[in-house]
Amino acid sequence: PLSAGLDLPGRFLFATLTLMTLIAILVFIEEAVYIYRKIPSSKRSIIIWINAAAPVISTTSCIGMWVPRSTMFTDFTAGIFFAIVIHKFLIMMIKECGGQKVLLRQFENGHFTISTGPCCCCCLCLPRVPITRQTLFWLKLGTFQFVVFRPVLIFLSIVLWTNGNYVLYNLSPKGPALWISCFIGALTLFALWAVGIMFRKVRILLKCKNIIPKFALYQFIVILNQLQTTIINIFATQKIIPCAPPLSSTARGSYIAQQLLIMEMFLVTVISRVVYRRKYHDPEPPECAAEEPGDKKQTP
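Everything numeric in this text was worked out from a predicted model, so none of it was measured.

Caption draft 1: Summary view of the overall build of the protein chain. Looking only at helices and strands, the protein chain features 10 helices and 2 strands. For the protein chain, buried positions account for 44% of its 300 residues. Relative to all contacts within the protein chain whose residues are 6 or more apart in sequence, the contacts with residues 24 or more apart total 75%. Carbon and sulfur atoms provide 69% of the accessible area of the protein chain, an area that totals close to 16,000 Å².

Laid out in structure tokens, this is it:
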């Protein structure tokens with residue numbers, strides 16, 4: 001059993017991380033009750049989904065920490081949930097503007113700036129795209145494709161893994177892991193690009209709704225859940241993270257990634273409670289919609 005291979009500091013660390021996961025779940029439940037009571041039904045489920053991202057990732061990491069053989073399934077579960085959250089965040093920005101019709105009316109003669117990260121931040125020569133019903137459809141499709149294709153690719157990976165053909169840390173060109181990972185990476189970039197285009201346009205309009213710190217938390221989850229874990233796994237496969245019997249390099253890398261995610265997602269959960277804990281009103285007050293970057297005064 002796992003506990004038999006842990007010394008006293010190791011057991012204390014595992015117990016502390018498990019306690020942090022439980023606290024994160026309780027904080028989310030309390031926040032979900034608050035959102036259910038205070039936020040209009042049109043936005044309620046979307047905001048609960050977004051707030052659930054950090055506790056779910058923390059929970060899957062905790063399960064993977066205690067049951068190492070479940071790492072493949074816990075990582076895939078967190079990946080599927082995160083794909084849904086990316087799409088929900090885009091929909092939330094549209095909802096916070098009053099819905100698609102209000103957004104189109106608000107930016108009737110506006111344009112989207114598509115030279116933004118993570119795909120085209122250096123391509124400043126790209127033309128600006130008019131804000132129409134069709135361009136909004138393409139932005140929503142950019143995140144929705146991630147919700148559809150990532151579970152399909154993950155299901156394919158599990159099927160190949162059970163047959164012994166898929167090895168997570170084998171990045172050989174002859175193996176399927178490299179190609180599936182590259183395809184998932186490309187889908188991720190397109191989804192994040194769509195969210196970035198929308199945020200760049202509405203960040204001033206939604207400044208009074210804390211959209212900037214909300215987007216910062218969302219980006220923080222992206223970096224930690226995707227980039228940090230990938231870097232640690234690469235270090236483990238290259239033996240930069242040394243083995244410590246009975247754990248191999250890859251197993252140690254997986255433990256390190258999971259333990260870091262538990263601590264980081266605990267902090268994100270607590271901060272999200274502060275950022276999202278505000279009373280929403282429908283319709284929105286006029287001073288909120290009329291706010292401009294240079295305004296320093298607000299109508300009481």
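Caption draft 2: Representation of the nonpolar core within the structure. With 65 residues, the main nonpolar core has F89, M93 and M198 as its most contacted residues. The next biggest cluster of nonpolar side chains, apart from the first, holds 9 residues, and it includes F14, L17, M20 and Y255.

Caption draft 3: Fine view of the pattern of salt bridges. Within the structure shown, the criterion is met by 4 salt bridges. For the salt bridge of E30 with R273, the shortest nitrogen-to-oxygen distance reads 3.0 Å. Of the two residues, E30 is situated in helix α1 (residues 8-38) and R273 in helix α9 (residues 249-276); the sequence distance between them amounts to 243 residues. Of the residues examined, E30 reaches a relative accessible area of 32% and is grouped as partly exposed. One salt bridge connects E96 with K214, and the closest N-O pair in it is separated by 3.6 Å. Taken together, the residues span a long stretch of sequence, with E96 in helix α4 (residues 71-96) and K214 in helix α8 (residues 211-237) at a distance of 118 residues. Relative accessible area serves as the criterion here: at 1%, K214 is assigned to the buried category. The network of salt bridges with shared partners includes K43, E96, K209 and K214.

Caption draft 4: Examining the packing of aromatic side chains more closely. Using the criterion set out here, one finds 9 aromatic pairs in the structure. With a centroid separation of 6.1 Å and an interplanar angle of 55 degrees, the aromatic rings of F14 and Y255 are classed as tilted. Within this pair, whereas F14 is found in helix α1, its partner Y255 is found in helix α9, the two being separated by 241 residues in sequence. With respect to burial, F14 and Y255 carry one shared label: buried. Note on F137 and W138: the rings are 5.8 Å apart at their centroids and 70 degrees apart in plane angle, and the pair reads as edge-to-face. Site record: aromatic cluster; members linked through ring pairs are F89, F199, F215 and Y218.

Caption draft 5: Just the environment of A24, in detail. Mapping A24 onto the fold places it in helix α1. Residue classification places A24 among the buried residues on the basis of a relative accessible area of 1%. Sequence separation of A24 and P55 is 31 residues, and the distance between their C-alpha atoms is 5.8 Å. A24 has contacts with P55, F266 and T269, leaving out every residue within four places of it along the chain.

What counts, and where the lines are drawn
Residues numbered from 1 in each chain as written. Predicted model: local features only at pLDDT ≥ 70, side-chain atom pairs only at ≥ 80, totals over all residues. Heavy atoms only, no water. Helix = DSSP H or I, 4+ residues; strand = E, 2+ residues; numbered from the N terminus. Buried < 20%, exposed > 50% of the residue type's maximum accessible area, 1.4 Å probe, protein only. Contact = heavy atoms within 4.5 Å. Areas by Shrake-Rupley, 256 points an atom, 1.4 Å probe, with all protein chains shown as cover. Core = buried A, V, L, I, M, F, W, Y, C linked by side-chain atoms within 4.5 Å. Salt bridge = Lys/Arg side-chain N within 4 Å of Asp/Glu carboxyl O. Phe/Tyr/Trp six-rings, centres within 6.5 Å; stacked < 30°, edge-to-face > 60°.

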